[in-house]
Structure formats: structure tokens, C-alpha cells
Amino acid sequence: MIEIRNLVKRFPDGTLALNRINLTINKGEFIVIAGENGSGKTVLVKHLNGLLQPTEGSVLLNGNPVIKNLRYTRQKIGFVFQNSDSQILGQTVEDDVAFGPRNLGFSREEIKKRVEDALIETGLKEKKDRPPFSLSGGEKQRLALAGVLAMEPEIIVFDEPFSHLDYTGVKQVLSHILLLHEKGTTIILTTHDLEKMLAHATRLLILYKGEVVRDGKPEQVINSVSDFNIHKPYGEKRQVKTMTWLMELGIP
Amino acid sequence: MILFHYIPGNSILHRTNPGIKLVIILIYSIIIFLLKLPFLFIILFAELLLLLAAKIGIKQVMKELMRFSLFVLIIFMVRAYSEGGLILVAQVIPVPSLPGLLAGEYIILKLCMVIFLGLLLTSTTKISQLQNTLHSFFSLFPFIPAARIAALMSLTIGSFPLLLDKLSEVDEARKARCIQSNRNPISRIISISLPLFRHVFKSVDDIACAMEARCYTEEARPLSEPLPLKDFIIFILSILTGIIVLVFNTLIP
Ligand SMILES: Nc1ncnc2c1ncn2[C@@H]1O[C@H](COP(=O)(O)OP(=O)(O)O)[C@@H](O)[C@H]1O
Ligand SMILES: [Mg+2]
């Protein structure tokens, strides 16, 4: 469980990126954090695993302050970044996935097993010896996911995971996310584009100019999104359950 | 871009111990600068063979190297003008002297050869292996923060392809906006270096974030087995060989 209390983030240049955020994220949720560009989504999620430090307030993971338990937090909270290129840290697919487990100091056998499992789960096993930069956009994003899965986190943060992906890429990555959620992983996903996956979310939170302005069930929040410069998926009286690019799952 | 990226494979070089490769390459970079022309060609030939064996596309490599020819050109000019003095023709057009020019030419050949050596190492060695080897090597000496040095060195080497990738990105962006028609060399250089540094700092930031998020530590568990003692003996032997060759090279006129 993540608790954010009175979180304020002011950058040295004076930008107030987050203003008094109070938020609790429970185990098993699939929370979508939506907001226009510059609303503070990335800054907010970077506080969850201590990549940024609060100016005021605190972030707790399972009751422990994040900034005092970085290693613990980063193992429990996996992070898939927006730009898949700069999160590639190994020179082959296999090496990249091993990066996290190696840092956590597992035995060689354990590392091997975790890497293998993560590669199978993301469907990248055949490509394990390929250099990552030769993969497609969707594959790179899956590689980033594999690197996170090998650390066996409880919570996974996806920061705009679809922004560089084509239709196929979105469907692939989205179906992985759903699978993980089904298995009990807590999912935190930021986006400015709700049409691709809102149907699967359990909660929708809207960030606007660094403040939480709406927070609730997607059905309740969806009608006010355009007030905060977020595109509301087209269609009069469109139901939330149709807002997915995995049509076969979205429409019952 | 394939320049300085790891290229998976199974050639002799891929299977050779990274530490030994590193030492041999360091030694030969020095030797190359001391050798005379016929010997240079022999080594160049050997390099090309090894590049072929490692399945590194020489054509592609040459094409990518051409992009960085500006660097090479600058070095050439500096050498050509400094060595053997500057002869002024009609006191207007400076023309480099012949010996200066020749030294300049050699310097290009030699630079290319050293770049090839670097390629042979980086294309066939995973940074993680290299780090591992450097770590074991520095651990031989007391009072040296082996893990830190190894991590630093491998990070430095690892960021080289990043720099080149960014360079070619910026270069394309300039070309798309007609940099060719700008004849002012100063503004051309500024137009590539400023965006390049901004890009690089941004990526370094992103990568540092990604590393932290995956619990980066200098003491990460190596994937391959630690080096057996035998490899260290070979390692030290190759250093000695290098020194002996150098001594001979200076003795012979
Ligand atoms: N390192 C930084 N220094 C100063 N301002 C920053 C920094 N990082 C982000 N910001 C500012 O914080 C605000 C929120 O940014 P961000 O979280 O990246 O938005 P987004 O919702 O698009 O992810 C923006 O106004 C941005 O300019
Ligand atoms: Mg963002």
C-alpha cells in the first residue's frame, strides 16, 4: 500500500510541480493517473520510488518512508518509463533483464531463473541474444517490462507506456498489463489518452497543474475530464467499458 | 548505427577474455603510433581480418566513420600545419609543408587503425563482462576501490555509442534544415555541439534514473564466472610482450 501525505514538489527554478497531494493506493488497484502535458504525472510517480525527493510531505510504502528505504522500495515498485530507449541498460536482451536481479545480489542460478521466466512471460525468449536497440518499439517496451518483472515487484508503474507505440504495440503491452493485474500486481499507469485502456481501470485520478482535482471510479470521473484539457473519448453517452483497444475484452 | 555497439556473435574475439583483449588493444594502440608504413599495413590487414571474422560490416563501419570525418580532418589540419613549419606562398595562402602533410596522412591512417582496434573490443565485448574483468583485475591491488573504478570505466566505455547515436541524430536534424548552405564554420560547429550536449545531458539523466530504479550498485553480481588464475598469467604476459616489443622498436633505427 502506498500513502502519499501532503506531498509538495518545488523545483530549484521555482516551478511548483506538485501541490499538496494526498493519496492512498491500495493493493490490487489499477489506477490511471490522467492529466495534460506538464500536469505533474511524471514528477508524481517519480516520488513513489524515490527518484525525486519531496520538498514537503512524505511518501510511505507499506508504512515505511520511501526515501529511507530506497532499495526495498525499488525492488517492490517496478518502473516502466516513457522513453523505452534510455531505459535499456544491457547490450543484449538477456543482459538487460538481468540488470536488476544482479544489483539485488541474487545467486547466479536465481538470476538465470528470473531472467528466463521474465523473458518467457513477455514473449522475448527467442530474442534473448539480440541487441536491444534492434527491437521494435513494442518489443522494447516489453523488454523494459521484463527487466522490471525479473525483480518481482508488487507494484508496477507505467509512465505513458503507449505514447511511442503503434496499434499492435499498444495491444501487446496492454494485454501484459491486464495479465499482471489479474495476478494481483498493483498497476499505476499515467496517460493523457484514456481511450486505449480506461475500461480496465479500477480508479481514475485527474491531475491538473500539480493538484489532484478528481479521484474516483472511472464512470464517475470520465464526464468531467474535458474540463482539465483531457480528451474525452468520442461518442455520445459512450460507456467506459468500451474504452479499450483490446475490443475483444472490452465489450462484453 | 553499429559503431561501438556490441554485436552478438561467436568469433574468436567474442570468446577471448575481455581483459586480455583490452590489454592487447592498449598495447597495440601505442605500437601503431610508433610503427613505420609497411608494418602499419600488416597490422591493418590483420585488423580487417578480425573485423570480418567478428561479422562486423566493414562497409557500414566506414560509412559511419565518414560522418565523423570532420574530427579527423581537424586533426589532420592541425598536424599538417604544425609539423615542419608553415610556408607562406605569396604571403597570402598558407600551404602546409610536405613532411608535415605526410605526417598528417600517417596520423589519419593511424587514427583509423586505433579506431578499428577500439571497434574490435567494443563490438565483441559486453560491457558487463568488461566491468567484471576490470573488477577482478583492480582487486589484485590493495587499497584501490576496485568496484568503483570498474563501474566508472565500464560506464564511460558504455556511454560512447550513446554519444555517437546522439551525434548522428543531431546531424540529421541539422541536415533536414539545410545546414549545408551555411558556410560559416563557427556557427556550424555551434549548431552541432550545443544541441548535442543538451541531448547527452538529458539522456544521461534518463539513464541514471533508469539505473536507480533498478537498484543500481557498483557491486552487482557478475553474470559470468570470475576469472581463473591462468587468465591473469596470460594477462601479465601480454603486458610484458608489449613492453619488449616497444623496447625493440626504439632500438632499431
Ligand atoms: N527537473 C525539473 N526542473 C524544473 N521543472 C521541472 C523538472 N521536471 C519537471 N518540471 C516541471 O514540472 C511540471 C510537471 O512535469 P511532468 O511531471 O513531467 O509533466 P507530465 O504530466 O507531462 O509528465 C512541468 O511544468 C515541468 O516543466
Ligand atoms: Mg510525463
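Residues numbered from 1 in each chain as written. Chains lettered and ligands numbered in written order. Predicted model: local features only at pLDDT ≥ 70, side-chain atom pairs only at ≥ 80, totals over all residues. Heavy atoms only, no water.

Chemist: Before we move on, can you summarise the overall build of chain A with the specific residues and values?
Modeler: Helices and strands together make up the secondary structure of chain A, namely eight helices and 10 strands. Relative to the compact-globule value of 18 Å for 252 residues, chain A shows a C-alpha radius of gyration of 18 Å, a close match. Expressed along its principal axes, the backbone C-alpha trace of chain A runs to roughly 50 × 45 × 30 Å. Out of the 252 residues in chain A, the part that is buried amounts to 56%. Taking as baseline every contact in chain A between residues at least 6 positions apart, the subset at least 24 positions apart corresponds to 66%. Carbon together with sulfur atoms contributes 48% to the accessible area of chain A, which is approximately 10,800 Å² in total. Taken together, the 33 basic and 31 acidic charged side chains of chain A have centroids lying 3 Å from each other. (Helix = DSSP H or I, 4+ residues; strand = E, 2+ residues; numbered from the N terminus. Rg over C-alpha atoms; globule rule 2.2 N^0.38 Å. Buried < 20%, exposed > 50% of the residue type's maximum accessible area, 1.4 Å probe, protein only. Contact = heavy atoms within 4.5 Å. Areas by Shrake-Rupley, 256 points an atom, 1.4 Å probe, with all protein chains shown as cover. Lys, Arg positive; Asp, Glu negative; His and termini not counted. Charge placed at Lys NZ, Arg CZ, Asp CG, Glu CD.)

Chemist: Talk me through the site of ligand 1; I want residue IDs and the actual numbers.
Modeler: Residues and elements named next belong to chain A. Within the structure, ligand 1 sits among F11, D13, T15, A17, E36, N37, G38, S39, G40, K41, T42 and V43. T42 is positioned such that a nitrogen or oxygen atom in its side chain is 2.7 Å from an oxygen atom of ligand 1. The contact in question runs from an oxygen atom of ligand 1 to an N or O atom on the backbone of V43, over 2.9 Å. Broken down by element, the residue count for the shell around ligand 1 peaks at three residues, all from helix α1 (residues 41–48). Grouping the constituent residues of the shell around ligand 1 by class yields three nonpolar, six polar and three charged. (Near = heavy atom within 4 Å. Polar contact = N/O pair within 3.5 Å; in protein donor to acceptor, adjacent residues only side chain to side chain. Nonpolar A, V, L, I, M, F, W, Y, C, P; charged D, E, K, R; others polar.)

Chemist: Lay out the interface of chain B and chain A in plain terms, naming residues and giving numbers.
Modeler: The partner chain A presents 34 residues to the 26 residues of chain B that form the contact. Taking both partners together, chain B and chain A bury about 2,600 Å²; carbon and sulfur atoms supply 58% of that area. Taken together, chain B and chain A are joined by three salt bridges. A salt bridge links D96(A) to R214(B), with the shortest nitrogen-to-oxygen separation between them at 3.2 Å. Taken together, the connections running from chain B to chain A amount to five residue pairs in polar contact (both at pLDDT 80 or more). Among the elements that line the side of chain B that touches chain A, the one with the most residues is helix α9 (residues 185–213) of chain B, at seven residues. Of the residues contributing to the side of chain B that touches chain A, the split by class is 15 nonpolar, five polar and six charged. (Buried area = accessible area lost by both parts, 1.4 Å probe. Salt bridge = Lys/Arg side-chain N within 4 Å of Asp/Glu carboxyl O.)

Chemist: Tell me about the domain arrangement of chain B, residues and numbers included.
Modeler: Residue and element names in this part refer to chain B. Once the domains are mapped, chain B shows domain 1 (1–136 + 224–253) and domain 2 (146–217). The interface is formed by 12 residues belonging to domain 1 together with 17 residues belonging to domain 2. Approximately 1,300 Å² of surface area, both sides summed, lies buried where domain 1 meets domain 2, with 76% of it carried by carbon and sulfur atoms. Applying the counting criterion to the domain 1 and domain 2 interface returns zero salt bridges. The element best represented in the side of domain 1 that touches domain 2 is helix α7 (residues 127–138), accounting for five residues. (Domains from an automatic or database assignment.)

Chemist: Tell me about the sheet that holds strand β7 (residues 155–159) of chain A, residues and numbers included.
Modeler: Hydrogen bonds between backbone groups are what pair the strands of a sheet, and the pairing can be parallel or antiparallel. Residue and element names in this part refer to chain A. Pairing within the open sheet is mixed, and its six strands lie in the order β6-β7-β8-β3-β9-β10. Lying at the two open borders of the sheet, with one neighbouring strand each, are β6 (77–80) and β10 (211–216). Pairs of neighbouring strands in the sheet enclose a mean axial angle of 15°, with direction left out of account. Here five bridges tie strand β9 (residues 203–208) to β10, and the two strands are oriented antiparallel to one another. Directly across from I206, in β10, lies its bridge partner R214. In the packing of α1 onto the sheet, the strands contacted are β3 (30–34), β6, β7, β8 (186–191) and β9, and the crossing angle to β8 comes to about 155°. (Pairing = 2+ DSSP bridges. Axes fitted to C-alpha atoms, helices over the stretch in contact; angles between N-to-C directions.)

Chemist: Before we move on, can you summarise the pattern of salt bridges with the specific residues and values?
Modeler: Summed over the entire model, instances satisfying the criterion amount to 19 salt bridges over all chains. Between E3(A) and R5(A) there is a salt bridge, with its nearest N and O atoms 3.1 Å apart. Given the relative accessible area of 17%, E3(A) is considered buried. A salt bridge links K126(B) to D95(A); the shortest N-O distance between them is 3.5 Å.

Chemist: I'd like a description of helix α8 (residues 146–176) of chain B, backed by residues and values.
Modeler: In this model α8(B) runs 46 Å from its N-terminal to its C-terminal C-alpha over 31 residues, within 8% of the 45 Å that 1.5 Å per residue would give. Along α8(B), the largest kink reaches about 25° and is centred on F160(B); proline P161(B) follows within four residues of it. (Expected span 1.5 Å × (residues − 1). Bend = angle between axes of the 7 residues up to and from the residue.)

Chemist: Explain the environment of I88(A) to me, and be specific about the residues and the numbers.
Modeler: Residue and element names in this part refer to chain A. Structurally, I88 can be placed in the loop between β6 and α3 (93–103). In sequence terms I88 and S107 are 19 residues apart; their C-alpha atoms lie 23 Å from each other. Those residues within four positions of I88 in sequence are excluded, and the remaining contacts are D96, P132, K140 and L143.

Chemist: Residues and numbers for the sheet that holds strand β1 (residues 2–10) of chain A, please.
Modeler: Residue and element names in this part refer to chain A. With antiparallel pairing, the four strands of this open sheet are ordered in space as β2-β1-β4-β5. The open sheet is flanked by β2 (16–25) and β5 (64–65), the only strands paired with a single partner. Bridge count between β1 and strand β4 (residues 56–61): five bridges; the pairing is antiparallel. Looking across to β4, one finds that E3 is bridged to L60. Most of the contacts of α1 go to β1, to which it runs at about 125°, and overall it touches β1, β2 and β4.

Chemist: Lay out the packing of helix α2 (residues 18–34) of chain B against α7(B) in plain terms, naming residues and giving numbers.
Modeler: Residues and elements named next belong to chain B. Their axes nearest at 8 Å, the elements α2 and α7 cross at an angle of 85°. It follows that α2 is roughly perpendicular to α7 by the angle criterion. The residues of α7 that touch α2, namely those facing P18, G19 and L22, are Q129, L130, T133 and L134. Class assignment of the residues belonging to the contact of α2 with α7 gives a composition of four nonpolar, three polar and no charged. (Parallel < 35°, antiparallel > 145°, perpendicular 65-115°, else oblique.)

Chemist: Would you mind going over the packing of aromatic side chains in detail, with residue names and values included?
Modeler: Residue and element names in this part refer to chain A. Under the counting rule described, the total for this entry stands at four aromatic pairs over all chains. Here the basic side chain of K9 rests over the ring of F11, its NZ or CZ set 5.4 Å away from the ring centre. A cation over an aromatic ring shows up here: R114 above the ring of F106, its NZ or CZ 3.9 Å from the ring centre. (Phe/Tyr/Trp six-rings, centres within 6.5 Å; stacked < 30°, edge-to-face > 60°. Lys NZ or Arg CZ within 6 Å of the ring centre and 35° of its normal.)

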